[in-house]
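This is what each chain is made of:
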Amino acid sequence: MKAVAIELAALGDTDPLGRAWLDDAGRRFRVDVTSLDEQLPNWRQLLQRFAEERAPVYFRRDAEVTAALRRLHDRGARMAVFTAVPEELARIALEHLGGAQRVEALEAGPGAQDRALARLGGAATVVRTRDELIAVT
């Protein structure tokens, strides 16, 4: 296997931390969290700080997932991670889940999967779940 595009959800779940951020932002800044760009222009920096402070509570490395990433890396497979969540949250999650050192790219936001595949040359295996990641190695 030469290239693998991995959905971040295969490494760990970012949803609980993302929901906690939205709840906190809505309550603390009294904004409609569906309109962050208009109502809270610096929301990305605030999200990053929130995620950095709380990541150890929300993210735990999975030994089997880490081993699968290591095997792929040791075999010379090119890896990119993609996700729909904001890059600030995705980058912190990737670091805490043990993937940052082994993947060559992180693509986040709308169109992330397509960008990850393009970066890998288009002929990559797409992995969406933990079980698929473990099985691909």
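Residues numbered from 1 in each chain as written. Predicted model: local features only at pLDDT ≥ 70, side-chain atom pairs only at ≥ 80, totals over all residues. Heavy atoms only, no water.

## Section: the packing of helix α3 (residues 43-58) against helix α5 (residues 87-96)
Thinking step 1. For the pair α3 and α5, the least separation of the axes is 8 Å and the interaxial angle reads 20 degrees. As the angle between them shows, α3 and α5 are arranged roughly parallel. Here α3 runs over α5; the crossing is right-handed. Contact with α3, carried on its side by Arg-44, Leu-47, Gln-48, Ala-51, Glu-52, Ala-55 and Pro-56, involves Glu-87, Glu-88, Leu-89, Ile-92 and His-96 of α5 and no other residues of that element.
Thinking step 2. Of the residues that constitute the contact of α3 with α5, the class distribution is six nonpolar, two polar and four charged. (Axes fitted to C-alpha atoms, helices over the stretch in contact; angles between N-to-C directions. Helix = DSSP H or I, 4+ residues; strand = E, 2+ residues; numbered from the N terminus. Parallel < 35°, antiparallel > 145°, perpendicular 65-115°, else oblique. Left-handed = near helix turned anticlockwise from the far one by under 90°. Contact = heavy atoms within 4.5 Å. Nonpolar A, V, L, I, M, F, W, Y, C, P; charged D, E, K, R; others polar.)

## Some words on the packing of helix α1 (residues 15-29) against α3
Thinking step 1. One way to put it is that α1 packs onto α3 with a least axis distance of 10 Å and a crossing angle of 130 degrees. By the criterion of interaxial angle, the relationship of α1 to α3 is oblique. At the point where α1 passes α3, the crossing takes the right-handed sense. Two secondary-structure elements touch here, α1 through Pro-16, Leu-17, Ala-20, Trp-21, Asp-24, Arg-28 and Phe-29 and α3 through Trp-43, Leu-46, Leu-47, Phe-50, Ala-51, Arg-54 and Tyr-58.

## Let's talk about the sheet that holds strand β3 (residues 105-108)
Thinking step 1. The strand order β3-β2-β1-β4 describes an open sheet built from four strands, whose pairing is parallel. Edge positions in the sheet fall to β3 and β4 (125-127), since each of these pairs with one other strand and no more. Neighbouring strand axes in the sheet, compared pairwise and without regard to direction, differ in orientation by 20 degrees on average.
Thinking step 2. When strand β1 (residues 3-7) meets β4, the two strands line up parallel, connected through three bridges. When the sheet's bridge partners are listed, Val-4 is paired in β4 with Thr-125.
Thinking step 3. Lying over the sheet, α5 contacts β2 (78-83) and β3, oriented at roughly 145 degrees with respect to β3.
Thinking step 4. Taken strand by strand, helix α6 (residues 112-119) contacts β1, β2, β3 and β4, and its axis lies near 155 degrees from that of β3. (Pairing = 2+ DSSP bridges.)

## Description of the pairing of β1
Thinking step 1. Most of β1 sits out of view: four of its five residues are buried.
Thinking step 2. Both β1 and β2 contribute to a ladder of five bridges, which runs parallel. Residue pairing across strands places Val-4 opposite Met-79, the latter belonging to β2. (Buried < 20%, exposed > 50% of the residue type's maximum accessible area, 1.4 Å probe, protein only.)

Such coordinate-based values are descriptive only and should not be taken to indicate function.
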